[in-house]
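Structural features, examined
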Amino acid sequence: MQYPAEPFRIKSVEVVSMIDRAQRIEKIKEAGYNTFLLNSEDVYIDLLTDSGTTAMSDRQWAAMMIGDEAYAGSKNFHHLKATVEELFGFKHIIPTHQGRGAENILSQIAIKDGQFVLGNMYFTTTRYHQERNGATFLDIIRQEAHDAAIDIPFKGDVDIDKLKAIISEKGAENIAYICLAVTVNLAGGQPVSMANMRAVSQVAREHGIKVFYDATRCVENAFYIKEQEAGYADKTIQEIVLETFSYADGCTMSGKKDCLVNIGGFLCVNDDELFARAKELVVVYEGMPSYGGMAGRDMEAMAIGLRESIQYEYIEHRVKQVRYLGDKLIAAGVPVVLPIGGHAVFLDARRFCPHLPQEHLPAQSLAASIYVETGVRAMERGIVSGGRDAVTGKNHSPKLETVRLTIPRRVYTYAHMDVVADGIIRLYQQREDIKGLKFVYEPKQLRFFTARFDYL
Ligand code: PLI
C-alpha cells in the first residue's frame, strides 16, 4: 500500500484553530522571527518537531496510573530496564530526563580533553556536549549526504574510507568514540544501512575504538532497512533493531521520538566500568539511577511505547505519512531534500530562495514566512542551527540550508498533510517576496532555540 490508512482510531481530541493572517504577522514579529518563540496556541498545525509531541496510546495512558513513584527502586524502572534489554540487547541502562541528559553523561565518561569524536553528521545538542568535554567533532558521513538533490538510499551511511583515513591520521588513541546516528536528523532523516553499521563496527573493533549510537530514531531506521536493504524484507522490525545494536557498545536515546512518549531518555552501555561511572554522574545531573529524571509513570509509558513502536503497522504508517507529504511537494516542483527521510520533510531553502545568500538566513526566513502564509510552524535547520566553530568563533556554514516540516507521531492525518502541502506550494509561487533576516540577539550556546531576528 503506497500510503496506508492510520492504524488507529481517535479516542480523544485536542481542538485546534487558526488565527488570521494579520495576527500571524504580529505574532511572528513578537517572536523575533524565530518559530521556537511562538506560542503553541497561535499555531494551527505544529510541525516544529517530532520530539515529545507524540500522541500516547490508551494503553500508555492507562499505564500512567500504575506509576510507582518511589524515590528508589521503582518497579517501572525494572519494567523499562527489562524492555530495553530485550529489545535493544544492551547490558546496562541509565534513565535520563531526555536525550541530552544521556549525551551529557556519555560525553563526560567517554571523552578525554583534546580527543576527536567521529560521527555521521553533527546534531546540535550532541556536538555541544562533545565539545564542552574537550572533543573536536569530525564528520564522516558519505559526501552525498551534504547534497540535497542526490536521491540515493542510505544517505546517512558513514564513508568507510574517510573513517579509516582519519583513524590513521589522528591515531586510534586520540579518538574518543564513533557516534553513529540512526537515522541522521540533520541530513534529512536519512537512514544508515545494516551493511554500513557492520563495516563501521569492524573497523572500530580492529582499532579498539568504541561505537556509541544515537538511537533516537532507530525504529524508523529499521523500517528503511526492511524496506530497502537486500536480505531484510522477511525480518521483523524487532530483529532488525536488535541486530542494529549488536554493532554498538552503547547508545544515547531521546525517548521523546521513537519511544512514543512526551518526555524521557536513557543511556545504555555494555562496559561495566563505564556503567559504574555513569551511575556516579547520573545522581549529580538527573536523579537516582533508578529514575534519572523521569517519573515512574513516564518510565512505564516508555516501556509500553517502545513495544508499540516496533509494530510493523505503526512504523509503516509513520514513515509513509511523512513520504506522502514529501511526494506532494515533489510533484508540485517544490525543492526538498531527497530522498524523503523518516521523521520530516526538509525544504531546500537554497533552491526555494535562490535570491538569498546563506548569510541572509534563508531557511530562518522561510520558516517565518511559512507560518505567516499557512499557520504551520516549521523549524530552521541550516546556518542558524549550525552555530559557530568552538575554536575560531566563525559561523559553521552547512551545505544543507533547510526548513524542517517535522511530523509528530500519531497526531495528524493525511488531510492535515494536504493543508500543509497546499500552503507551501502557494508560498513557493511567491517565493521572491521572502526577505533576508539578521540576528538581533544571538545566544552563546545552541543559539537557534532562543535567538531573535529582524528583516535586513
Ligand atoms: O531533545 P532531547 O534532549 O531529548 O534529544 C536530543 C537529540 C539527540 N539526538 C537527535 C538525533 C535528536 O534529534 C535530538 C533531539 N531532537 C530534537 C529536539 C528535534 O527537534 O529534532
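The model shown is predicted, which means the values in this text are computed figures rather than measured ones. (Residues numbered from 1 in each chain as written. Predicted model: local features only at pLDDT ≥ 70, side-chain atom pairs only at ≥ 80, totals over all residues. Heavy atoms only, no water.)

What follows covers the overall build of the chain. Within the chain, the secondary structure is distributed over 16 helices and 14 strands. For 456 residues, the compact-globule estimate of 2.2 N^0.38 gives 23 Å, and the chain sits close to it at 21 Å. Considering only C-alpha atoms, the chain reaches an extent of 60 × 55 × 45 Å along its principal axes. Relative to its 456 residues, the chain shows a buried fraction of 59%. Long-range pairs, those at least 24 residues apart, make up 73% of the contacts in the chain with a sequence separation of at least 6. On the chain, roughly 18200 Å² of surface is accessible, and the fraction owed to carbon and sulfur atoms is 51%. For the chain, the distance from the average site of its 52 positive side-chain charges to the average site of its 59 negative ones is 2 Å. (Helix = DSSP H or I, 4+ residues; strand = E, 2+ residues; numbered from the N terminus. Rg over C-alpha atoms; globule rule 2.2 N^0.38 Å. Buried < 20%, exposed > 50% of the residue type's maximum accessible area, 1.4 Å probe, protein only. Contact = heavy atoms within 4.5 Å. Areas by Shrake-Rupley, 256 points an atom, 1.4 Å probe, with all protein chains shown as cover. Lys, Arg positive; Asp, Glu negative; His and termini not counted. Charge placed at Lys NZ, Arg CZ, Asp CG, Glu CD.)

The next thing to look at is helix α7 (residues 194–207). An ideal rise of 1.5 Å per residue puts 20 Å on 14 residues; α7 measures up with 20 Å between its terminal C-alpha atoms. Along α7, the residues classified as buried are Met 194, Asn 196, Met 197, Val 200, Ser 201, Val 203 and Ala 204. On its buried face, α7 is in contact with α6 (160–170), β5 (175–181), β6 (211–214), α8 (218–228) and α9 (237–246). Just past α7, the residue Gly 208 takes up positive phi, approximately 70 degrees. (Expected span 1.5 Å × (residues − 1).)

Looking now at the site of the ligand. The full set close to the ligand counts 17 residues, and Thr 49, Arg 100, Asp 214, Ser 254 and Lys 257 are the nearest of them. Between the ligand and the protein, one listed contact pairs an oxygen atom with a side-chain N or O atom of Gln 98 at 2.9 Å. At a separation of 2.9 Å, an oxygen atom of the ligand approaches a polar side-chain atom of Arg 217. About the coverage of the ligand: the protein hides 95% of its 470 Å² of free accessible area. In terms of residue count, helix α4 (residues 99–110) provides more of the shell around the ligand than any other element does, 3 residues in total. Residues belonging to the shell around the ligand are distributed by class as follows: 2 nonpolar, 8 polar and 7 charged. (Near = heavy atom within 4 Å. Polar contact = N/O pair within 3.5 Å; in protein donor to acceptor, adjacent residues only side chain to side chain. Nonpolar A, V, L, I, M, F, W, Y, C, P; charged D, E, K, R; others polar.)

This part covers helix α12 (residues 312–331). Three- or four-residue spacings in an α-helix give side chains the same orientation, since the helix completes a turn every 3.6 residues. Between the first and last C-alpha of α12 there are 28 Å, a value that for 20 residues agrees with the 28 Å anticipated at 1.5 Å per step. Most of α12 sits out of view: 14 of its 20 residues are buried. Gly 333 occupies a position one or two residues after α12 and carries a positive phi of about 85 degrees.

Evaluation of the coordinates by the stated rule reveals 16 aromatic pairs. The interplanar angle of 55 degrees and the centroid separation of 5.8 Å between the aromatic rings of Phe 36 and Phe 448 together place this pair among those described as tilted. Remark: Phe 448 occurs in the loop between β13 (437–441) and β14 (452–455) and Phe 36 occurs in the loop between α1 (21–30) and β1 (45–46); sequence separation between them is 412 residues. You can call Phe 448 buried: its relative accessible area is 3%. Among the aromatic residues, those joined into a cluster by ring pairs are Phe 88, Phe 90, Tyr 213, Phe 245 and Phe 266. Lying across the ring of Tyr 428, Arg 431 places its NZ or CZ 3.9 Å from the centre. Note that Lys 435 overlies the ring of Tyr 455, its terminal NZ or CZ placed 4.7 Å from the centroid. (Phe/Tyr/Trp six-rings, centres within 6.5 Å; stacked < 30°, edge-to-face > 60°. Lys NZ or Arg CZ within 6 Å of the ring centre and 35° of its normal.)

Next up on the list: the nonpolar core. Among the nonpolar cores identified, the biggest contains 97 residues, and Phe 88, Leu 163, Tyr 213 and Phe 266 are the most heavily contacted of them. If you look at the next biggest cluster of nonpolar residues, it comprises 35 residues, including Val 336, Leu 338, Ala 349 and Ala 378. (Core = buried A, V, L, I, M, F, W, Y, C linked by side-chain atoms within 4.5 Å.)

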